[in-house]
Amino acid sequence: MTTRLFGEPVRRREDPRLLTGGGRYLDDIGKGAFEAAFVRSPHAHAVIRDIDVSAAIDVEGLVAIYTWEDLPARLAEPLPLLIPHPALTHGRTAHPLARDVVRHVGEPVVMVVARDRYLAEDVCALIEVDYEPLTPVVGIERARRAETLVHRDVPGNVGAHLVQEVRSATGLGAREAIEAAPYRLEFGLDIERSAATPLEGRGVHARWDAGDRSLRVHSSTQTSTSVRMAIAAKLGLPLPQVEVVAPDVGGGFGVKIVHPWPEEVLVPWAAMLLGHEVRWTEDRREHFVSSAHERAQAHHVRVGFDDRGRVLGLDVTILHDHGAYTPYGIIVPIITSTQLPGPYRLGAYRVEFSSLYTNTVQVTPYRGAGRPQAVFCMERTMDRIARHLGLDRTAVREANFIQPEEFPYDQGLTFQDGRPLIYDSGDYPASLRMLKELVGWDDFPALRERAAGQGRRLGIGIGCYVEGTGVGPYEGGHVQITSDGRVHVSTGLTSQGQGHETVFAQITASELGVPIERVSVVTGDTRRFGYAVGTFASRAAVMSGNAIALACGKVREKALRIASDALEADPGDLEIVDGVVRVVGSPGAGLPLATVAVLSNPLRYAFDAEAGRATQFAGTPSPDRPPVAEGDEPGLEGRGYYSPIRSTFASGMHAAIVETDPLTAEIRILRYAVVHDCGNLINPMIVEGQIHGGVAQGVGGALYERMVYDEHGQLLNASFMDFLMPYATEVPHVETAHLRTPSPLNPLGVKGAGEAGVIPVSAVIASAVEDAEGIRIDRMPISPSELFDLRRSASPDRRTGQTGSATSLLRNTQ
Amino acid sequence: MRDIAITLTVNGVVRRVTVPGRRLLSDCLRHDLGLTGTHVGCEHGVCGCCTVLFDGRPVRSCLMFAASADGHEVTTVEGLAEPDGTLSPVQRAFAECHGLQCGFCTPGFLCTVTALLRDNPAPGEEEVVEGLSGNLCRCTGYQNIVRAVHRAAEILAEER
């Protein structure tokens with residue numbers, strides 16, 4: 001048994017149950033519960049004229065049918081706008097069930113509750129909704145033209161408009177700096193829609209206890225504490241009467257941070273009305289058309305630079321498609337805007353976005369959350385500059401890097417948490433050196449030449465990013481040692497496969513000096529810990545990790561204080577080794593933490609021999625002092641909260657070697673290399689797993705996955721048969737190397753690692769395909785048929801040539 | 001809808017259950033027999049989460065009616081470990097190689113790999129990747145799953 005576990009590849013404590021069918025996911029809960037199903041809009045934009053349920057009411061097993069008109073006042077209101085922002089002047093959210101108008105295919109119109117899901121779907125099929133179709137707005141271009149409005153009271157379909165500008169050291173605005181630069185380029189860059197697509201969809205189960213008027217809700221959510229508050233508010237219940245538990249969750253990747261989903265308030269409401277457990281489990285088609293998407297953005301870039309490739313001015317205009325509603329505010333385009341500068345010191349920077357309504361599924365953060373678009377923008381720009389100047393792509397990046405001695409580095413922008421965007425630590429030149437070595441950057445020309453000799457076409461690409469992780473406002477942790485020596489840890493944020501039970505136990509074992517076998521961790525259960533924000537933005541290890549470490553510190557201090565009395569030693573001379581408090585360097589005479597726990601809780605009643613030691617005639621406490629000292633509390637437990645002044649900034653660089661088939665245009669990734677810096681690693685095995693998974697999602701987004709809407713707003717590929725998630729056959733082997741620049745902002749020196757893998761992949765693959773083909777790649781994802789078409793149709797100004805001889809460039813002669 | 005009484009052997013135990021004709025095998029296992037380790041990720045036969053061993057062969061239980069399983073043998077993830085709880089070599093290898101994260105797709109992979117290694121105890125890299133190519137995982141990027149298959153093959157060879 002060891003207690004120094006921080007930094008070790010400790011095997012996951014979640015695995016035994018998940019490997020044996022012992023996991024407990026949402027649809028595993030509530031045997032015998034009624035089940036809900038929804039009638040969802042088949043139209044992208046329509047007025048609801050009438051809902052006729054007469055053909056449905058005789059179905060045997062039907063329990064209830066609800067429409068918007070049945071909802072009580074608070075539930076009938078639009079759902080909350082979770083993150084208001086002054087620039088979001090026209091935020092709009094949906095009603096739990098559509099009221100009068102539907103604005104995307106999949107919007108819920110009628111809720112049916114029946115004895116089981118089969119019957120509920122039978123009922124749904126018999127309900128007739130009379131729609132008057134309206135013209136839908138699909139795609140950024142039609143949204144911008146605004147010939148039709150998604151919301152009648154939102155002119156121009158513009159939900160939000162925001163400009164941020166950082167002037168140059170000499171006081172120039174970005175546009176002035178670009179005009180004054182020796183070289184300038186202007187181009188467009190687009191990314192299409194994709195989605196988080198966890199293998200378990202959303203789901204809710206609710207049980208109402210009419211006897212004590214309490215509600216217990218399970219939800220496949222990334223934030224149980226906030227779902228709890230939303231349910232209490234929407235259903236008018238006192239907060240202590242509502243508990244929300246996130247059970248095992250089959251992946252989230254961002255989509256499950258949105259809340260309350262319509263189903264998260266409707267299912268508990270129905271359970272209360274019916275006095276019976278109700279469950280709703282999302283099916284795959286529902287997930288495609290009624291949860292959330294991300295990524296779609298169009299970017300217009302203007303850049304001015306000098307002959308070393310240093311960016312003197314960058315001006316980016318973004319059109320963001322946020323779908324039909326804005327429950328999560330404008331976090332995605334804010335992150336794109338603010339993370340776009342990446343590891344670079346830009347002369348002057350201006351970014352402007354318009355966030356537009358369309359009659360499509362709403363857009364909320366998906367792993368990476370606007371950063372893949374930002375990195376695509378910045379890194380494609382770096383490649384453009386390199387081609388223009390005939391420089392190596394890595395040399396241009398190097399020329400622009402923030403240097404290690406420049407930290408903390410203030411980018412002069414306001415980040416997604418409303419706080420200044422100040423990078424805390426990093427070493428970008430070292431990261432690039434490691435990457436070049438790992439992928440063999442300098443040897444690639446020879447490799448390419450050899451391959452060309454065999455008729456093969458190879459290209460190499462690169463992408464760098466900086467990622468703000470661990471956003472506030474806070475997380476908390478509770479640590480309790482009971483008189484059996486067990487250590488119980490809880491934190492409010494939730495888990496979706498990140499291995500929190502393991503890493504938080506590692507932190508606890510290390511901080512307390514106890515064997516990890518005695519530590520158990522609970523996450524996402526409001527019965528255990530009520531204050532939390534949630535799991536998103538690569539924040540769990542930073543936020544809850546540090547909160548738990550702080551809680552451990554309090555418990556440790558108390559344990560040493562109690563033990564110092566019993567051992568008649570100074571607390572400063574004590575240590576905890578393998579769960580025993582002892583005088584430093586004197587193994588043997590010590591007090592097990594189990595005993596300390598007994599002594600920490602003065603008792604009147606003995607229920608076992610251990611407890612007897614803490615009773616009032618056992619003779620331990622001094623008769624001159626109260627059993628619990630003033631300001632003290634019974635029990636060996638502590639609570640810690642970590643609330644950082646701002647985010648901590650992880651970074652990384654990826655490179656890929658791809659092969660494109662000269663005939664079929666198939667794109668194959670031969671090598672994929674990652675250098676990753678998330679500060680101190682708590683569990684390197686888990687960090688690597690996060691990177692692998694992120695890269696795989698990135699590969700999906702770069703080469704396979706997209707949401708294909710037709711002009712009527714129908715999602716044409718709403719199934720796994722047509723939305724091409726990569727299998728093992730499509731994902732490359734990922735080679736990783738770690739750089740460690742600990743964060744100075746938190747006690748553990750950690751930075752987030754959850755999203756990193758996915759962030760630069762589209763940029764890297766575009767860079768590599770462009771290098772292989774000599775044709776500019778400025779929209780992603782790219783399929784073989786798109787590359788095939790590009791080859792046939794690329795105009796001369798799109799052809800970059802292999803040697804950096806660019807044709808579309810302007811030499812500024814002023 | 002007519003209910004049908006069926007008898008099937010699940011994880012070595014004979015089970016009798018009455019199901020509507022349209023009940024999927026996946027729903028029958030999960031909700032009628034309480035074996036919730038078999039997961040449902042798409043209900044259209046693409047993701048592979050619901051894979052079980054049907055007379056020893058990996059099949060997608062969401063593409064079969066429970067009634068079709070009458071008289072057949074089914075092994076689910078709950079039946080892979082030894083009766084005393086000792087994890088199977090495939091299960092152990094997945095834990096050792098960090099071949100799972102959220103665990104939702106894992107039961108399908110475990111059943112698939114169990115059959116794969118029974119038929120081909122020492123698969124090459126391509127055979128492993130091909131063998132896994134009917135199961136989706138959104139968390140791991142497959143790299144550690146591939147590693148786990150090789151490791152399981154090693155353990156099986158050691159213990160043979």
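Residues numbered from 1 in each chain as written. Chains lettered and ligands numbered in written order. Predicted model: local features only at pLDDT ≥ 70, side-chain atom pairs only at ≥ 80, totals over all residues.

### So, the overall build of chain B
Scanning chain B from terminus to terminus reveals 5 helices and 5 strands. The helix and strand sequence of chain B, counted from the amino end, reads β-β-α-β-β-β-α-α-α-α. Taking 2.2 N^0.38 as the reference for a compact globule, 160 residues should give roughly 15 Å; the C-alpha atoms of chain B span a radius of gyration of 16 Å, in line with that estimate. The C-alpha extent of chain B, read off along each of the three principal axes, is 50 × 30 × 25 Å. Per-residue burial over chain B gives 58% buried out of 160 residues. Within chain B, contacts between residues separated by at least 24 positions form 60% of all contacts whose residues are at least 6 apart in sequence. (Helix = DSSP H or I, 4+ residues; strand = E, 2+ residues; numbered from the N terminus. Rg over C-alpha atoms; globule rule 2.2 N^0.38 Å. Buried ≥ 20, exposed ≤ 12 C-beta atoms within 10 Å, placed from the backbone. Contact = placed C-beta atoms within 7 Å.)

### A look at the overall build of chain A
A count of helices and strands for chain A gives 20 helices and 30 strands. For chain A, whose C-alpha radius of gyration is 29 Å, the value lies close to the compact-globule estimate of 28 Å for 814 residues. Its C-alpha atoms give chain A principal-axis dimensions of roughly 95 × 75 × 55 Å. Out of the 814 residues belonging to chain A, those deemed buried represent 58%.

### Observations regarding the sheet that holds strand β6 (residues 128–133) of chain A
Residues and elements named next belong to chain A. Here we have 3 strands laid out as an open sheet, ordered β4-β2-β6, and antiparallel in their pairing. Edge positions in the sheet fall to β4 (101–102) and β6, since each has one partner strand and no second. As paired elements, strand β2 (residues 46–52) and β4 share 2 bridges and run antiparallel to each other. Residue A46 lies in a different strand from β4, and its bridge partner there is V102. (Pairing = 2+ DSSP bridges.)

### A few points about the sheet that holds strand β12 (residues 278–281) of chain A
Residues and elements named next belong to chain A. In spatial order, the strands read β3-β5-β1-β12-β9-β10-β11; together these 7 strands make up an open sheet with mixed pairing. In the strand order of this sheet, the two ends are held by β3 (62–66) and β11 (242–245), each with one partner. Direction aside, the axes of adjacent strands within the sheet are offset by 20° on average. Summarising the sheet, β3 and strand β5 (residues 108–114) pair through 4 bridges and their orientation is antiparallel. Bridge pairing in β5 places L62 opposite A114. Against the sheet, helix α6 (residues 224–235) makes contact with β10 (214–219) and β11, and its axis sits at roughly 145° relative to β11, the strand it touches most. Seen against the sheet, helix α7 (residues 262–274) touches β1 (34–40), β3, β5, β9 (203–209), β10 and β12 and runs at an angle of roughly 30° to β9. (Axes fitted to C-alpha atoms, helices over the stretch in contact; angles between N-to-C directions.)

### Quick notes on the interface of chain A and chain B
Counting residues at the interface gives 40 residues for chain A, matched by 44 residues for chain B. Of all the elements in the fold, those that place two or more residues in the side of chain A that touches chain B are α1 (15–18) and α18 (684–704) of chain A. Ranked by residues supplied to the side of chain A that touches chain B, first place goes to α18 of chain A with 6 residues. Along the lines of polarity and charge, the residues of the side of chain A that touches chain B split into 17 nonpolar, 14 polar and 9 charged. (Nonpolar A, V, L, I, M, F, W, Y, C, P; charged D, E, K, R; others polar.)

### Focus: the pairing of strand β8 (residues 183–191) of chain A
Residues and elements named next belong to chain A. When β8 meets strand β13 (residues 297–305), the two strands line up antiparallel, connected through 9 bridges. Bridging across to β13, F187 finds its partner in V301. As paired elements, β8 and strand β29 (residues 779–780) share 2 bridges and run parallel to each other. Residue I191 lies in a different strand from β29, and its bridge partner there is M780.

### What to know about helix α11 (residues 393–400) of chain A
The element α11 of chain A is largely enclosed, with a buried count of 6 among its 8 residues. Buried residues belonging to α11 of chain A abut β14 (311–321), α10 (371–389), α12 (428–439) and β18 (457–469) of chain A.

### Some words on the nonpolar core
Residue and element names in this part refer to chain A. A36, V112, A559, V581, V596, I765 and V769 are the most contacted members of the largest nonpolar core, which totals 297 residues. Looking at this core element by element, the count peaks at 15 residues for helix α15 (residues 540–567). Once you skip the residues sitting within four places of it in the chain, V112 turns out to touch A36, A37, I65, A120, V123 and C124. (Core = buried A, V, L, I, M, F, W, Y, C linked by C-beta atoms within 7 Å.)

### Section: the environment of D578 of chain A
Residues and elements named next belong to chain A. As for its placement among the helices and strands, D578 is situated in the loop between β22 (574–577) and β23 (580–583). What makes D578 partly exposed here is the crowd of 16 C-beta atoms within 10 Å. Spatially, the C-alpha atoms of D578 and T535 are 31 Å apart, while their sequence positions differ by 43 residues.

### Points about α15 of chain A
Residue and element names in this part refer to chain A. For α15, with 28 residues, the first-to-last C-alpha span of 38 Å sits near the 40 Å given by 1.5 Å per residue. Buried residues dominate α15, accounting for 20 of its 28 residues. Once α15 ends, the next one or two residues include E568, with phi positive near 50°. (Expected span 1.5 Å × (residues − 1).)

### Side note on the environment of A589 of chain A
Residues and elements named next belong to chain A. Topologically, A589 is positioned in the loop between β23 and β24 (590–592). Distance in space between the C-alpha atoms of A589 and M382 is 64 Å, their sequence separation being 207 residues. Beyond its immediate chain neighbours, meaning those up to four positions away, A589 contacts R582 and V583.

### Thoughts on unusual backbone geometry
All names here are of chain A. Omega for the peptide link from F407 to P408 comes to -5°, which places this bond in the cis form. Note that P408 resides in the loop between α11 and β16 (409–414). With omega at 5°, the peptide bond leading from M780 into P781 counts as cis. Topologically, P781 is positioned in the loop between β29 and α20 (784–793). Although it is not a glycine, E568 adopts a positive phi angle of roughly 50°.

### Here's the deal with the packing of α18 of chain A against helix α19 (residues 761–773) of chain A
Residues and elements named next belong to chain A. Following both chains from N to C, one finds α18 and α19 inclined at 55°, their axes separated by 8 Å at the closest point. Here α18 is positioned oblique relative to α19, judged by the angle of their axes. Two packed elements cross with a definite hand, and for α18 against α19 that hand is right-handed. For the pair formed by α18 and α19, the contact residues are V695, G698, V699, G701, A702 and L703 on the first element and V761, S762 and I765 on the second. (Parallel < 35°, antiparallel > 145°, perpendicular 65-115°, else oblique. Left-handed = near helix turned anticlockwise from the far one by under 90°.)

### Details of the pairing of β11 of chain A
Of the two faces of β11 of chain A, the one lined by V242 and V244 of chain A and the one lined by E243 and V245 of chain A are each fully buried. Each parallel crossover has a hand, and the one from β10 of chain A via α6 of chain A to β11 of chain A is right-handed. (Right-handed = clockwise from strand over helix to strand, strands pointing away.)

### A look at the confidence of the model for chain B
For chain B, per-residue confidence averages 97 on the pLDDT scale, and 99% of positions sit at 70 or higher. Per the prediction output, this complex has pTM 0.96; the corresponding ipTM is 0.98. (pLDDT = per-residue confidence, 0-100.)

### So, the packing of α6 of chain A against α7 of chain A
Residues and elements named next belong to chain A. Where α6 meets α7, the closest approach of the two axes is 10 Å, and the angle between their N-to-C directions is 55°. On the basis of the axis angle, α6 is oblique to α7. Remark: the crossing between α6 and α7 carries right-handed chirality. Where α6 approaches α7, its residues V227, A230, I231, K234 and L235 are matched on the opposing element by E264, V265, P268, W269 and M272.

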